[in-house]
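Observations on chain architecture
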Amino acid sequence: MKSTVHILKVNEVKGFHIYCIFSNGEYRVIDIKKFLDSQELKENSILRELYDEESVKGVVIKNATLTWPEIKKVTCLSNGMEFEIELDLDPIVLYQNSEIDKERDSAYQLGRALKKARKSVGITQEELAQRVGTSKSYISKIENSKSDIGYKTLRKIIEVGLNKKIVIE
């Protein structure tokens, strides 16, 4: 994970679960309740307002992270000046406290599809690797969504290794 990871889009909010796309291309799920439970929140913490599902639904993206414009805190500067700040959460903390959205993440979909196609042809990972000039461990990593894959490699696996045509929809 790069330290500059941020949130590009919120796909859906279901209860306390926020489904997002991060800047590294991963589709991830943030369980806000689980995140809050892992924190040692003070009694007056503004984060406690997120224990309400309706409040969670008010999320928007601002400055590349999740923000709740309706949840505000008054902050005082040392010179006595006061201003309101909208609740937002650090995108790196959100990434660290999220999980891959296996239903939406293309790496998981692609890995499952390649494994299914390989099995339908009736060959092992080792046989596929030999056909396309790579290692069995690399094929395994792709099928188990542990490695990213470039288009040229994908095309080679499908068209040479599996003797199929690639169709992108």
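This write-up is about the structure you can find in this document. Given the structure is predicted, the values throughout are model-derived calculations rather than measurements.

About the cut-offs
- Residues numbered from 1 in each chain as written.
- Predicted model: local features only at pLDDT ≥ 70, side-chain atom pairs only at ≥ 80, totals over all residues.
- Heavy atoms only, no water.
- Patch = residues over 30% accessible without salt bridge, like charges linked within 9 Å, V, L, I, M, F, W, Y side chains within 5 Å.
- Areas by Shrake-Rupley, 256 points an atom, 1.4 Å probe, with all protein chains shown as cover.
- Salt bridge = Lys/Arg side-chain N within 4 Å of Asp/Glu carboxyl O.
- Helix = DSSP H or I, 4+ residues; strand = E, 2+ residues; numbered from the N terminus.
- Pairing = 2+ DSSP bridges.
- Axes fitted to C-alpha atoms, helices over the stretch in contact; angles between N-to-C directions.
- Buried < 20%, exposed > 50% of the residue type's maximum accessible area, 1.4 Å probe, protein only.
- Arc of directions from axis to C-beta.
- Core = buried A, V, L, I, M, F, W, Y, C linked by side-chain atoms within 4.5 Å.
- Contact = heavy atoms within 4.5 Å.
- Polar contact = N/O pair within 3.5 Å; in protein donor to acceptor, adjacent residues only side chain to side chain.
- Parallel < 35°, antiparallel > 145°, perpendicular 65-115°, else oblique.
- Left-handed = near helix turned anticlockwise from the far one by under 90°.
- Nonpolar A, V, L, I, M, F, W, Y, C, P; charged D, E, K, R; others polar.

**What about a nonpolar patch on the surface?**
On the surface, Leu 77, Met 81, Phe 83 and Ile 85 cluster together to form a nonpolar patch covering roughly 340 Å² of accessible area. Tracing the backbone through its elements, the reader meets Met 81 in the loop between strand 5 (65-76) and strand 6 (82-88).

**What about the sheet that holds strand 4 (residues 60-62)?**
The sheet built from 3 strands is open, its strands ordered 4-5-6 with antiparallel pairing. Pairing within the sheet leaves two strands with one partner each, and these edge strands are strand 4 and strand 6. Within the sheet, the average angular offset between the axes of one strand and its neighbour, ignoring direction, is 50°. Note that strand 5 and strand 6 share 7 bridges and pair antiparallel. Across the sheet, Val 74 pairs through a bridge with Glu 84, a residue of strand 6.

**Observations regarding the pairing of strand 3 (residues 27-31)**
Here 5 bridges tie strand 2 (residues 17-22) to strand 3, and the two strands are oriented antiparallel to one another. Residue Cys 20 lies in a different strand from strand 3, and its bridge partner there is Arg 28. Taken together, strand 2 and the strand that follows it, strand 3, pair antiparallel across an intervening segment of 4 residues, in which Gly 25 is found at a positive phi of about 90°. Bridge count between strand 3 and strand 7 (residues 98-100): 3 bridges; the pairing is antiparallel. From the neighbouring strand, Val 29 faces strand 7, where its bridge partner is Glu 99.

**Things to note about helix 7 (residues 151-161)**
Of all the positions in helix 7, only Leu 154, Ile 157, Ile 158 and Gly 161 are classed as buried. Taken around the axis of helix 7, the buried residues stretch over an arc of 115°, which confines them to a single face. Directly after helix 7, the chain includes Asn 163, whose backbone phi takes a positive value near 55°.

**Focus: the nonpolar core**
Among the nonpolar cores identified, the biggest contains 23 residues, and Ile 18, Phe 22, Ile 30, Ile 32, Leu 50, Leu 66 and Trp 68 are the most heavily contacted of them. Among the elements of the structure, strand 2, helix 1 (32-38), strand 5 and helix 3 (91-96) are those that each provide at least two residues to this core. Phe 22 has contacts with Val 5, His 6, Ile 7, Leu 8, Arg 28, Ile 30, Pro 91, Leu 94, Tyr 95 and Ser 98, leaving out every residue within four places of it along the chain.

**Quick look at the side chain of Asp 101**
Structurally, Asp 101 can be placed in the loop between strand 7 and helix 4 (106-121). In this structure Asp 101 comes out as buried when scored by relative accessible area, which is 4%. Separated by 2.8 Å, the side chains of Asp 101 and Arg 104 make a polar contact. Other than its neighbours up to four places away in sequence, Asp 101 contacts Tyr 19, Tyr 27, Arg 28 and Val 29.

**Re the pairing of strand 1 (residues 7-14)**
Looking at chain direction, strand 1 and strand 2 are connected through 6 bridges and run antiparallel. The residue bridging Glu 12 from the neighbouring strand is Tyr 19, located in strand 2. Counted along the chain from strand 1 to the antiparallel partner strand 2, the turn is 2 residues long, and its residue Gly 15 has a positive phi close to 60°.

**A word on the packing of helix 5 (residues 125-132) against helix 6 (residues 136-143)**
The N-to-C vectors of helix 5 and helix 6 enclose an angle of 110°; their axes lie 8 Å apart at closest approach. Judged by the inter-axis angle, helix 5 sits roughly perpendicular to helix 6. Note that helix 5 runs across helix 6; the crossing there is right-handed. Of helix 6, the residues touching helix 5 (which contributes Gln 125, Glu 126, Leu 128 and Ala 129) are Lys 136, Ile 139, Ser 140 and Glu 143. Residue composition of the contact of helix 5 with helix 6, by class: 3 nonpolar, 2 polar and 3 charged.

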